[in-house]
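This is what each chain is made of:
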Amino acid sequence: MSMSEPLLLQIVNQHIPAGATVITIDKPVQHPAVYAADLTGDGLPEIAAVYQLHSELYLLILKFVQGQWIKMALTKGLGYGVTLLTAAPVTSTARNNLIVGWQIGAIWSKLAVYEWTESGLTDIVPDDLYYSYAEIVDMPGMQGRDGKVEIALWVHDTGEAYRVDIIRWQQGQWVAATDVYHAYFPKVVHYYEQLTAQYPDYVFYWYYLADAQFHAGVYSAALTSVQKALSLPEAYPSREELLKLEKKIKQAITPSERTQAAVWLYPISVRTTNGIRWGYMDAQGHVRLEPVLQQAQAFQPNGLAVVVKDGRAGVINLQGQYVVQPVYDSINSFFEERAIAIDSQGFKMINEHGAVLTPRAYPFIADVQDGRAVFYDTGTDQPAVGSILYGYLDASGKEVIRAQYMSANDFQHGKAVVQIKEKEYALIDRNGNRISTYPYAYVGPLGDGLLAFQKELSGKYGYIDERGNVRIQPKFTSALPFSGGQAIVNTAEDYRSNYGVINKQGSFVIQPAYNDIRELGEQRYALGKAIDPEQPYIGSLYAIADVNGRRLTEFIYRNVENYKHGLASASNGTQTYLLDLSGRPAPGYPHIEGAGSLEVVAPDLIKVFVDQRLSYVNRAGQIIWHQNTIVPLQPPYRVREEKYKPNRDYLVYYPQVEGLTSQTQQDVLNAKLKELSQVKPIPADQQLDYTYTGDFDITFYQQQLLQLQLTGYNYPAGAAHGMPTMIYAIINLSDGQLYELKDLFKPDSDYVKVLSQIVGEQIKNDPQYSYVFPDTYTGISANQPFFVTADALHLYFNPYDIAPYAAGFPTFTIPFNQIMNIINTEGSFWKAFHM
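Residues numbered from 1 in each chain as written. Predicted model: local features only at pLDDT ≥ 70, side-chain atom pairs only at ≥ 80, totals over all residues. Heavy atoms only, no water.

**Details of the overall build of the protein**
- The secondary structure content of the protein amounts to nine helices and 63 strands.
- C-alpha extents for the protein along the principal axes are approximately 120 × 65 × 60 Å.
- Each of the 835 residues in the protein was classed as buried or not, and the buried ones make up 48%.
- Taking the contacts inside the protein whose residues are at least 6 apart along the sequence as the reference set, 40% of them involve residues at least 24 apart.
- A total of about 39100 Å² of accessible surface is found on the protein, and carbon and sulfur atoms cover 49% of it.
- With 65 positive and 85 negative side-chain charges, the protein shows a separation of 2 Å between the mean positions of the two kinds. (Helix = DSSP H or I, 4+ residues; strand = E, 2+ residues; numbered from the N terminus. Buried < 20%, exposed > 50% of the residue type's maximum accessible area, 1.4 Å probe, protein only. Contact = heavy atoms within 4.5 Å. Areas by Shrake-Rupley, 256 points an atom, 1.4 Å probe, with all protein chains shown as cover. Lys, Arg positive; Asp, Glu negative; His and termini not counted. Charge placed at Lys NZ, Arg CZ, Asp CG, Glu CD.)

This is the structure:
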């Protein structure tokens, strides 16, 4: 007997009292609480239904007898709703049990499993068995499926974390179904992998990921996860429980797995004769992966890190093994188990094993968010040749929404805002179907159900809801997305700023009176007051405030980072430290001299990035590791790093060379290096209208020739960008001589003409130099900036000399064997590295 849902509902309505209504189950889709299944084992289905009468719930069972439906059982229900109504063989393979989830709270249900007996329905589940979500499946054990279902109960703990228990009815009682863990817990692992990727600092997700991986039998991964949980500042459920889980995991790991398991690692940098090289240390400061990399990013929650070796980006695991070979120009961080990799062909999506998922390269792909990644495409098949249109890829790399939008935002909770055409935006679902259309010049991204909008591009900003109804009239000169029921807005009409914070009714909870406002998370804001009201673009001093606008501190901070677990990094310009939620320095944590940021990365390990240098300290402020300041060369030579910071806005690291035979020559050389590095008198307490940072690298060292790259960056306050500088100091260690370009060539050679012609040919014939401004190159100068490598001369130009700013320092490589006829092979320059 097959019956549709409308027919079932019609039959039930004929058998319930007047005034009673069949209740609705909301998930996964709304449907009436009616279900047909054979509950007695006679081969014919009974109908189960839950109805409400006078605020009470009742479970009704109807049986088909002699051509009509009769009431077989009526039982009073629990709570105020039903989250689950189904039937499955729980106690026997011969017949079904009726399974009901009685809703007793917003996220809590009481599980009931009814058995049909001669005396009627009997609930065989204890009175105290509550759950938040249940999955009922015949799961395969070691001997396969047995025809009876197991019940996976997801019990809410905190946030989006659930404890998962799998039970079955066996020999008259409920027992843990441990033999099916291997089949079910991979699903739980996947759930928590997504949460740890989204919330890498939430210790409870790491705990439950480790627990799920342990139950799934992936012990090495579980060990990595529990050790990550132990590395976080807070412990959950407690440090004792985490250590107990770690012990269980270690006991389960086989000897071969144990040798492969790795502790969590942290990036370190070392200055060498080949420039800065990167490696990794453990939480105790022991080097685990030798510093041989050109770049090394922090390990991500999935235990993978992007690194660069020989100019190519790849991905390694905690054992230092490449899971993505270093073949890319760059690789973004992983989001939702996917990363965007870039090579000469363009942007590609890869998974955590390095497999390329996109069938072709794209001009651009954004990170995956909510299962979708924005991409854009260009080409003659578009409405206008060379136009850019945006679409979306799914996590498998397929185009699920073709390139058709003028602009597109990331998805959030299954929805995204896109621009269809001029003065037309839309809210779409994950398949590209329009939910709402907005006839405005601009509509911003999603945020708490409200979207910033402009009627005209030159007009004020207001907010609409997702249906397009205007909720807050346009009256702001800028408006950020809502978050936590509040949004930061600006009311200033000129170049100054009057930032404030509004609620969803458009009322100010923080009055618009600030040069800057930053949302810090954990219900805190940083309120910025202009250092110089006449020049607000110079920057702000910040005070900490709560979401009600109550100021917790004075305006004393030059910079404040976001809060994590009740701590935020802050700097007053001379020291950097951690703040607690009161906005004041957190007790039990160090104060570090200099400006930068601190991050707690393990219970007694703090990552320090202050004054452009990376180090690690413990909570007492003792140094666990820091970058070296002396680079040994061939004895007796070495390069020592010195720091010059006369003003909070002026910072230079400059080299000093030691070991020269003549102290006088060494002093002259080092004085020149200081001058070239822009070490000069700077007022100590004066507010500068610019910032300057300088640094250096050893880029070439061979025999007696030492080459130092001196870099600088001058950033005028309020400018669109700063101006970089780059100078090479090429030194003969035997006498301290600094070489110029002419010193490489024979005195009577016309090296300027020869080199100018070679560079001109490269500009003309090599496509990589297509960015050079037309007709701007007229040749090199006699003192053209240059540097050398073992086999070539490299000539370069400063930004704007012959190309746009974005081109950086256009550089032209000329192999020595191409110009040997004019090189002075008997001169001291050549002999310094060709003895």
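**Things to note about the packing of helix α4 (residues 219–231) against helix α5 (residues 239–252)**
- Contact geometry of α4 with α5 gives a least axis separation of 9 Å together with a crossing angle of 160°. Taken together, α4 and α5 sit at an angle that is classed as roughly antiparallel. The interaxial crossing formed by α4 with α5 has left-handed handedness. On α5, the residues touching Tyr219, Ala222, Leu223, Val226, Gln227, Ala229 and Leu230 of α4 are Arg239, Leu242, Leu243, Leu245, Glu246, Ile249, Lys250 and Ala252.
- For the contact of α4 with α5, the per-class residue count stands at eleven nonpolar, one polar and three charged. (Axes fitted to C-alpha atoms, helices over the stretch in contact; angles between N-to-C directions. Parallel < 35°, antiparallel > 145°, perpendicular 65-115°, else oblique. Left-handed = near helix turned anticlockwise from the far one by under 90°. Nonpolar A, V, L, I, M, F, W, Y, C, P; charged D, E, K, R; others polar.)

**Description of helix α7 (residues 663–676)**
- Between its first and last C-alpha atoms α7 spans 20 Å; for 14 residues at 1.5 Å apiece the expected length is 20 Å, and the two agree.
- The complete set of buried residues in α7 reads Gln666, Leu669, Asn670 and Leu673. For α7, the arc enclosing every buried residue in end-on projection is 95°, short of the 170-degree limit, so these residues lie on one face. Projecting away from the buried face of α7 at angles above 90 degrees are the exposed residues Thr664 and Val668.
- Buried positions along α7 lie against β56 (650–658), β58 (705–716), β59 (723–732) and β60 (737–738).
- Immediately downstream of α7, the backbone of Gln678 shows phi near 70°, a positive value. (Expected span 1.5 Å × (residues − 1). Arc of directions from axis to C-beta.)

**Comments concerning the pattern of salt bridges**
- By the definition in use, this model includes 41 salt bridges.
- Lys187 is the salt-bridge partner of Glu135, the closest N and O atoms lying 2.6 Å from each other. Here Lys187 lies in helix α2 (residues 181–198) and Glu135 lies in strand β13 (residues 133–137), a separation of 52 residues in the sequence.
- The exposure class of Lys187 is partly exposed, given its relative accessible area of 41%. (Salt bridge = Lys/Arg side-chain N within 4 Å of Asp/Glu carboxyl O.)

**A word on the pairing of β58**
- In this structure, strand β57 (residues 690–702) lies alongside β58, joined through twelve bridges in antiparallel fashion. Residue pairing in the sheet places Tyr690 in a bridge with Pro716 of β58.
- Hairpin remark: β57 followed by β58, antiparallel, with two residues in the connecting loop; positive phi at Gln703, about 60°.
- Looking at chain direction, β58 and β59 are connected through ten bridges and run antiparallel. Along β59, the bridge assignment pairs Asn714 with Met723.
- Between β58 and β59, which follow one another and run antiparallel, lie six residues, and Gly718 among them has a positive phi close to 85°. (Pairing = 2+ DSSP bridges.)

**Observations concerning the packing of aromatic side chains**
- Using the criterion set out here, one finds 58 aromatic pairs in the structure.
- With 6.4 Å between their ring centres and 65° between their planes, Trp264 and Phe299 make a pair best called edge-to-face. Here Trp264 is found in the loop between α6 (255–260) and β17 (266–272), whereas its partner Phe299 is found in the loop between β20 (295–296) and β21 (304–309), with 35 residues between them in sequence. Each member of the pair, Trp264 together with Phe299, is buried.
- Seen from their ring centres, Tyr442 and Tyr461 are 5.9 Å apart, and the 80° between their planes marks the pair as edge-to-face. Taken together, the residues Tyr442 in strand β35 (residues 442–443) and Tyr461 in strand β37 (residues 461–465) connect sequence positions 19 residues apart.
- A relative accessible area of 18% places Tyr461 in the buried class.
- These aromatic residues form a ring-pair network of at least three members: Tyr133, Trp154, Tyr162, Tyr191, Tyr192, Tyr199, Tyr202, Phe204, Tyr205, Tyr207, Tyr208 and Tyr236. (Phe/Tyr/Trp six-rings, centres within 6.5 Å; stacked < 30°, edge-to-face > 60°.)

**A few points about the pairing of strand β55 (residues 638–647)**
- In this structure, strand β54 (residues 630–632) lies alongside β55, joined through three bridges in antiparallel fashion. Looking at the pairing, Ile630 lines up with Arg640 of β55.
- Connecting β54 to the next strand, β55, in antiparallel fashion are five residues.
- Examined bridge by bridge, β55 and β56 share eight bridges and lie antiparallel to one another. Following the sheet pairing, Arg638 is matched in β56 by Glu658.
- Counting the residues between successive antiparallel strands, the hairpin from β55 to β56 contains two residues.

**Overview of a nonpolar patch on the surface**
- A cluster of nonpolar side chains, contributed by Leu78, Ile104, Ile107, Trp108 and Tyr130, occupies part of the molecular surface with about 410 Å² of accessible area.
- Among the structural elements, Leu78 can be located in the loop between β7 (68–76) and β8 (81–88). (Patch = residues over 30% accessible without salt bridge, like charges linked within 9 Å, V, L, I, M, F, W, Y side chains within 5 Å.)

**Regarding the sheet that holds strand β53 (residues 623–626)**
- Spatially, four strands are ordered β50-β51-β52-β53 in an open sheet, and the strand pairing comes out antiparallel. The open sheet has two edge strands with one neighbour each: β50 (596–602) and β53. Pairwise comparison of adjacent strand axes, ignoring direction, gives a mean angle of 20° for this sheet.

**A word on unusual backbone geometry**
- Backbone torsion omega between Tyr236 and Pro237 reads -5°, so that peptide bond is classified as cis.
- With respect to the element layout, Pro237 can be found in the loop between α4 and α5.
- Omega for the peptide link from Pro635 to Pro636 comes to 10°, which places this bond in the cis form.
- Inspection of the secondary structure puts Pro636 in the loop between β54 and β55.

**So, α5**
- Over its 14 residues, α5 runs 20 Å from end to end, which matches the ideal 20 Å to within 8%, given 1.5 Å per residue.
- Those residues of α5 that sit buried are Leu242, Leu245, Glu246 and Ile249. Viewed along the axis of α5, the buried residues span an arc of 100°, placing them on a single side of the element. Within α5, the exposed residues directed more than 90 degrees away from the buried face are Glu240, Lys247 and Gln251.
- Lining the buried residues of α5 we find α3 (203–216) and α4.

**Quick notes on the environment of Thr693**
- Looking at the secondary structure, you find Thr693 in strand β57.
- On the basis of relative accessibility, which here comes to 32%, the residue Thr693 falls in the partly exposed class.
- Through-space distance from the C-alpha of Thr693 to that of Ser132 is 55 Å; in sequence the pair is 561 residues apart.
- Residues contacting Thr693, with those up to four places away along its chain left out, are Leu651, Thr711, Gly712 and Tyr713.

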